[in-house]
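Coordinate analysis (summary)
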Amino acid sequence: MTLLSRRNLLKAGAIAVPAAVLAPGTAARAAKPIPGVEMSGIAPASLAGFDNVVKKFVLDRRITAAQLAIMKSGKIVLARGYRYNDFSRALPTVSPTSLFRIASLSKNITSAAIMRLVQDGKLSLSAKVTQLLGLTPLDTRMGQVTVLRLMQHLGGWDRDVSKDQLWLDHTISAALDVPLPISHADIIKYATARRLDFDPGAKMVYSNYGYLLLGRVIEKVSGMSYESYIKTKLLQPLGITRMRLGRSLRSEAVAGEVAYESQYTNKSVVDTSGTVVPYQYGGFNMPNQDANGGWLASAVDLVRWTLAFDKPGTVLTSASIAKLFAKPEIGVNQYGSWYGGGWWVRQVTGHLNTWHDGSMPGTFSYLARLQNGFSYAVVFNRREETGSLDFDTIDDDMNKVSVSSWPTTDLTSRYF
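Residues numbered from 1 in each chain as written. Predicted model: local features only at pLDDT ≥ 70, side-chain atom pairs only at ≥ 80, totals over all residues. Heavy atoms only, no water.

Moving on to the pairing of strand S2 (residues 66-72). In terms of residue burial, S2 counts as a mostly covered element, since seven of its seven residues are buried. Burial along S2 is two-sided: Ala66, Leu68, Ile70 and Lys72 and Gln67, Ala69 and Met71, pointing in opposite directions, are all buried. Pairing between S2 and strand S3 (residues 75-85): seven bridges, direction antiparallel. Bridge assignment links Lys72 to a residue of S3, and that residue is Lys75. (Buried < 20%, exposed > 50% of the residue type's maximum accessible area, 1.4 Å probe, protein only. Helix = DSSP H or I, 4+ residues; strand = E, 2+ residues; numbered from the N terminus. Pairing = 2+ DSSP bridges.)

What follows is the structure in structure tokens.
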């Protein structure tokens, strides 16, 4: 059998497991299955370029669970699940509604919740976080940390200097003399007793801890749990019912959630056993990640979620959306982009492109809202690790696809 060249492979439009072919009159015998990519869902012929990008991405990296969903002008026009299968183990089918950890795509959900509280007159973006949460910090500069500065990663924490507080469970447990698993309150107590790494508002440095604090602000101001507020005020108006916060262990997986893969291990952070566990299952604390990286979603849920920003009045008003995407006090970066509330933002002709990725052991995700009403989400059940191909190329690969005509069929009713 001749192997297809990359060009002919893309023309073929599929990378699947072929059936065995027997010569006429030959007795049937078991043929060794050929590894490949199995798909579910719908990919219209006019969007085969996007479908082929993800199929090749999955094949090259042997990813056992992935999804792609595309929205155009408010309609879901492609929804697919993908699974690399080498027949070495039994693997479940990945459907367009299978749930994945989405990691830092959770940040734009949290920022939208903050803006909803502002919109409803319950919160100000200039409110001081120390006052809202009743904190007495060691570093008085913490008094300059506002809600808006947390949303834009201007709070004063630099994980390259003082490390990421969301991933210091053993350190915090020992420092506070509290047992594992540690809580949000433990993380806040630890961080508040230490100095900031720079003056708030001086520069943008990505901070998971800042979003942990935003989650606690949402709870304090709304009087609801973080998850309940998001579901009630943001997701229900859009008809999104599958999304929920994830848990740490494989035994705690919800119905339809994929299995996550990583080559790394870590000492358990969910108990005091000291057991070395797969990093993705107990090597970090999912409940503590809630507001910065704790949500589960499918790709169709994620593109449906973008309507919160594309259909003003459903969740947020036009004014709230504009504030969410506004340039920060430090201006734009050297690439002409900036970090708004939970989104990277760039001005293009007549439109703001917004995007974000998410990454943690066992997860890589990407969500983009681009010009001409085009949005897409891709999610995978593992991320780039030592020895694997780059995962950050997915957006470049998707951006190279051209579409001559968009399908008119709306798949939304199949999933919502």
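Once the structure has been displayed, the description carries forward.
So, on to helix H8 (residues 184-192). Of all nine residues that make up H8, seven are buried, and the element is covered over most of its length. Taken as a whole, H8 has its buried residues at His184, Asp186, Ile187, Ile188, Tyr190, Ala191 and Thr192. Packing partners of the buried residues in H8 comprise helix H7 (169-176), helix H9 (208-222) and helix H11 (290-293). For H8, the capping residue at the N-terminal end is Ser183, with a side-chain oxygen 3.3 Å from the backbone nitrogen of Ala185. (Contact = heavy atoms within 4.5 Å. Polar contact = N/O pair within 3.5 Å; in protein donor to acceptor, adjacent residues only side chain to side chain.)

We now examine the sheet that holds strand S11 (residues 351-360). If you trace the eight strands from one edge of the open sheet to the other, you get S1-S3-S2-S13-S12-S11-S10-S9, paired in antiparallel fashion. Each edge of the open sheet carries a strand with a single partner, namely strand S1 (36-42) and strand S9 (337-339). Shown here is a sheet whose adjacent strand axes are inclined to one another by a mean of 15°, direction ignored. Sheet topology note: the S11/strand S12 (residues 363-370) ladder contains seven bridges and is antiparallel. Bridge pairing in S12 places Ser359 opposite Phe364. (Axes fitted to C-alpha atoms, helices over the stretch in contact; angles between N-to-C directions.)

A separate point is the nonpolar core. Membership of the largest hydrophobic core comes to 86 residues, with the highest contact counts inside it found for Ile114, Val147, Leu213 and Trp305. Counting 27 residues, the second-largest nonpolar core is a separate cluster that includes Val37, Val58, Tyr84 and Val378. (Core = buried A, V, L, I, M, F, W, Y, C linked by side-chain atoms within 4.5 Å.)

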